[in-house]
Amino acid sequence: MAKATRKNWLRAKGSAAGSKVTFLELFFDLVFVFSISQLSHALAAHYTPLGAAEAALMTFAVWWVWIFTTWVTNWLDPDKMPVRGMLVVLMMLGLVLSASIPEAFGDKGLLFAGAYVAMQVGRSLFATYAMTRVDRANTLNFARITSWLSVAAIFWIAGGLLEHEARLIAWMIALAIEYAGPAAGFAVPGLGRSMPSDWDVSGAHMAERCALFVIICLGEAILVSGRTFAELPISGLTSLIFVTAFIGTVAMWWLYFRFGHERAAHRIEHEETPGRLARLAFTYGHIPILAGIIVHAVAVEFMFSHPHETGDVGVAAAVLGGSGLFLIGNLWFKGATSGRMPLSHLGGLVAVILLAFVAPFIELYLLGILATLVLIAVAAWEYRSLSGTSPTPTLH
């Protein structure tokens, strides 16, 4: 009886219903709207080399807890009551995690670490239990994952008890362990190693979930520009910056969705080993895309608050870094899913690098306009080179 009940917790593979994104998953993502907002504000408020390192670490952590949950709900059906309960608990813990982000390297370090560990280890233990006596390969797979996450948890909790640079170092070790896990097949003595064939994911579900996360990040960029614009007196300069920020965000949306998402969804759905492609293109490849959008949102705040700033290399790095990171992520993502690197994106990266040489000599709002023009040029170049081709090409 237990076997049959737990088997019903799994998605029906190979059907449209088995790959659809549920309303609960969308509801779950609302927590991460808060997380992305907290991350961008934390970076803008503590824009120093150390603050950037801390924000980067928390960005990696937020992405990792979200993508691991996406992998789990690729197998488990959120419409089943036990899985639904698990996701609701994760939402509550995610709110705690998000709320502690601004003070994660201050008084709320242990709260951040405790919420993160509870989400990662707790979810993996639940998945292991759900797979027991139903899917032996995935039972072993999640047992290995739980082992790696449990080792990392030691460093997360230790970091929460430490202070300042010691906390940063401990958490960097924890993240290094977790990020090395998929690449190492979560190898555990006595339990063996997971193979890409074990990760029999629904490609359509994975592609849609990641696309929705990108939408969340782009939405935060829109909110930042709209909120800041609303708080400032209307002038020709603030209006120009607002339009520039909006067009830059739209260009990012176009670059990801026009020739990226659809092709990737089609490719992974027809891949013989979708788990390998999902790990490369989605689990790892989306990190610079996420980082680029967050940095872009921070750059918009700087453009509004210091439009005439010149000579500040750090602030200029935010303006160019948003576009650069986003292009790197799309280059990785599209290269992994199409088999070739888009020349348009390589050209865009070269343009961003060239802009870095003139950045100290031009005002910040002009640099923002130029960075946005690079994104527009890349989008136009890609559209021109790929127009007339099917976004979901036949695979050979």
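Residues numbered from 1 in each chain as written. Predicted model: local features only at pLDDT ≥ 70, side-chain atom pairs only at ≥ 80, totals over all residues. Heavy atoms only, no water.

Visitor: Hey, could you run me through the overall build of the protein in this one?
Guide: Each helix and strand counted, the protein has 15 helices and zero strands in total. A compact globule built from 396 residues should have a C-alpha radius of gyration of about 21 Å, and the protein, at 21 Å, falls within 12% of that. Dimensions of the protein along its principal axes, counting C-alpha atoms only, are 70 × 55 × 35 Å. Burial analysis of the protein (396 residues in total) assigns 54% to the buried set. Contacts spanning at least 24 positions in sequence make up 80% of the contacts within the protein whose residues lie at least 6 apart. Looking at the protein as shown, the accessible area adds up to about 16600 Å², and 70% of this sits on carbon and sulfur atoms. Treating the 25 positive side-chain charges of the protein as one cloud and the 25 negative ones as another, the clouds have centres 13 Å apart. (Helix = DSSP H or I, 4+ residues; strand = E, 2+ residues; numbered from the N terminus. Rg over C-alpha atoms; globule rule 2.2 N^0.38 Å. Buried < 20%, exposed > 50% of the residue type's maximum accessible area, 1.4 Å probe, protein only. Contact = heavy atoms within 4.5 Å. Areas by Shrake-Rupley, 256 points an atom, 1.4 Å probe, with all protein chains shown as cover. Lys, Arg positive; Asp, Glu negative; His and termini not counted. Charge placed at Lys NZ, Arg CZ, Asp CG, Glu CD.)

Visitor: Sorry if this is basic, but what is going on with the packing of helix H4 (residues 49-75) against helix H11 (residues 274-284) here?
Guide: Packed helices, taken two at a time, are described by the angle their axes make and the gap between the axes. Packing of H4 against H11 brings their axes to within 11 Å, and their N-to-C directions diverge by 150°. As the angle between them shows, H4 and H11 are arranged roughly antiparallel. Crossing of H4 against H11: the hand is right-handed. Listed contacts from H11 to Trp63, Trp64, Ile67 and Trp71 of H4 are Gly275, Ala278, Arg279, Phe282, Thr283 and Tyr284. (Axes fitted to C-alpha atoms, helices over the stretch in contact; angles between N-to-C directions. Parallel < 35°, antiparallel > 145°, perpendicular 65-115°, else oblique. Left-handed = near helix turned anticlockwise from the far one by under 90°.)

Visitor: It is not clear to me how the environment of Glu54 should be interpreted in this structure. Could you clarify?
Guide: Here Glu54 shows up in helix H4. In sequence terms Glu54 and Leu140 are 86 residues apart; their C-alpha atoms lie 34 Å from each other. Filtering out sequence-adjacent residues up to four positions away, Glu54 remains in contact with Phe105 and Leu168.

Visitor: Explain the side chain of Ser40 to me, please; I cannot follow it from the model alone.
Guide: Turning to its location among the elements, Ser40 is positioned in helix H3 (residues 23-45). A distance of 3.0 Å separates a polar side-chain atom of Ser40 from the backbone oxygen of Ser37. Within polar-contact distance, the side chain of Ser40 engages the side chain of Glu220 at 3.1 Å. Those residues in contact with Ser40, other than ones at most four positions away along the chain, are Glu220, Ile294, Ala297 and Val298. (Polar contact = N/O pair within 3.5 Å; in protein donor to acceptor, adjacent residues only side chain to side chain.)

Visitor: How do you make sense of the nonpolar core when you look at a structure like this?
Guide: For soluble globular proteins, nonpolar side chains are generally found buried alongside one another. Formed by 125 residues in total, the largest nonpolar core has its most connected members in Trp63, Trp156 and Phe282. A total of 14 residues in this core trace back to one element, the largest contributor, which is H4. Filtering out sequence-adjacent residues up to four positions away, Trp156 remains in contact with Leu57, Ala61, Phe112, Ala113, Tyr116, Val117, Trp171, Ala174, Leu175 and Glu178. (Core = buried A, V, L, I, M, F, W, Y, C linked by side-chain atoms within 4.5 Å.)

Visitor: Explain unusual backbone geometry to me, please; I cannot follow it from the model alone.
Guide: A negative phi angle characterises most non-glycine residues, just as the trans form characterises most peptide bonds. Phi angles above zero are rare outside glycine, and His164 is one such case at about 55°. Structurally, His164 can be placed in helix H8 (residues 164-183). Judged by relative accessible area, His164 falls into the exposed class, the value being 56%. Even without a glycine there, the phi angle at Phe186 is positive, about 50°. When you line up the elements, Phe186 lands in the loop between H8 and helix H9 (203-231).

Visitor: Got a minute to help me understand the pattern of salt bridges in this structure?
Guide: Between side chains of opposite charge, a pair can form when the charged atoms approach closely. For the coordinates displayed, the defined rule picks out six salt bridges. Where Asp79 meets Lys20, a salt bridge forms, and the shortest distance between an N and an O atom there is 3.8 Å. Here the residue Asp79 occupies a position in the loop between H4 and helix H5 (81-99), and Lys20 occupies one in the loop between helix H2 (16-19) and H3, the gap between them amounting to 59 residues. Note on Lys20: relative accessible area 39%, which makes it partly exposed. Through salt bridges with shared partners, a single ionic network connects Lys20, Asp79 and Arg84. (Salt bridge = Lys/Arg side-chain N within 4 Å of Asp/Glu carboxyl O.)

Visitor: Is there a simple way to think about the packing of aromatic side chains in this case?
Guide: Each pair of aromatic rings is reported with the distance of its centres and the angle of its planes. As enumerated under the stated definition, the model contains 29 aromatic pairs in all. Residues Phe68 and Phe186 carry aromatic rings whose centres are separated by 6.5 Å and whose planes lie at 80° to one another, so their mutual orientation is edge-to-face. A residue pair is termed long-range when its members are at least 10 positions apart, and Phe68 in helix H4 and Phe186 in the loop between H8 and H9 qualify at 118 residues. For Phe186, a relative accessible area of 4% translates into the label buried. A network of ring pairs unites the aromatic residues Phe60, Trp64, Phe68, Trp148, Tyr179, Phe186 and Tyr284 as a single cluster. (Phe/Tyr/Trp six-rings, centres within 6.5 Å; stacked < 30°, edge-to-face > 60°.)

Visitor: Looking at this structure, how should I read empty space enclosed by the protein?
Guide: Empty space left among the atoms is revealed by rolling a probe the size of a water molecule over them. According to the stated counting rule, one finds four cavities of 30 Å³ or more in the structure shown. As for the largest cavity, its lining consists of 14 residues, of which Phe68, Trp71, Ile145, Phe186 and Trp199 are closest to the centre. Looking at the lining of the largest cavity, the elements that each hand over two or more residues are H4, helix H6 (109-131), helix H7 (136-161) and H11. Looking at the lining of the largest cavity element by element, the count peaks at four residues for H4. In terms of residue class, the lining of the largest cavity is made up of nine nonpolar, three polar and two charged. There is about 60 Å³ of room inside the second largest cavity. (1 Å grid on protein atoms, 1.4 Å probe; cavity = no way out; pocket = protein on both sides within 12 Å on 5 of 7 lines; lining within 4 Å. Points joined across faces, edges and corners; volume = space filled by probe spheres on them. Nonpolar A, V, L, I, M, F, W, Y, C, P; charged D, E, K, R; others polar.)

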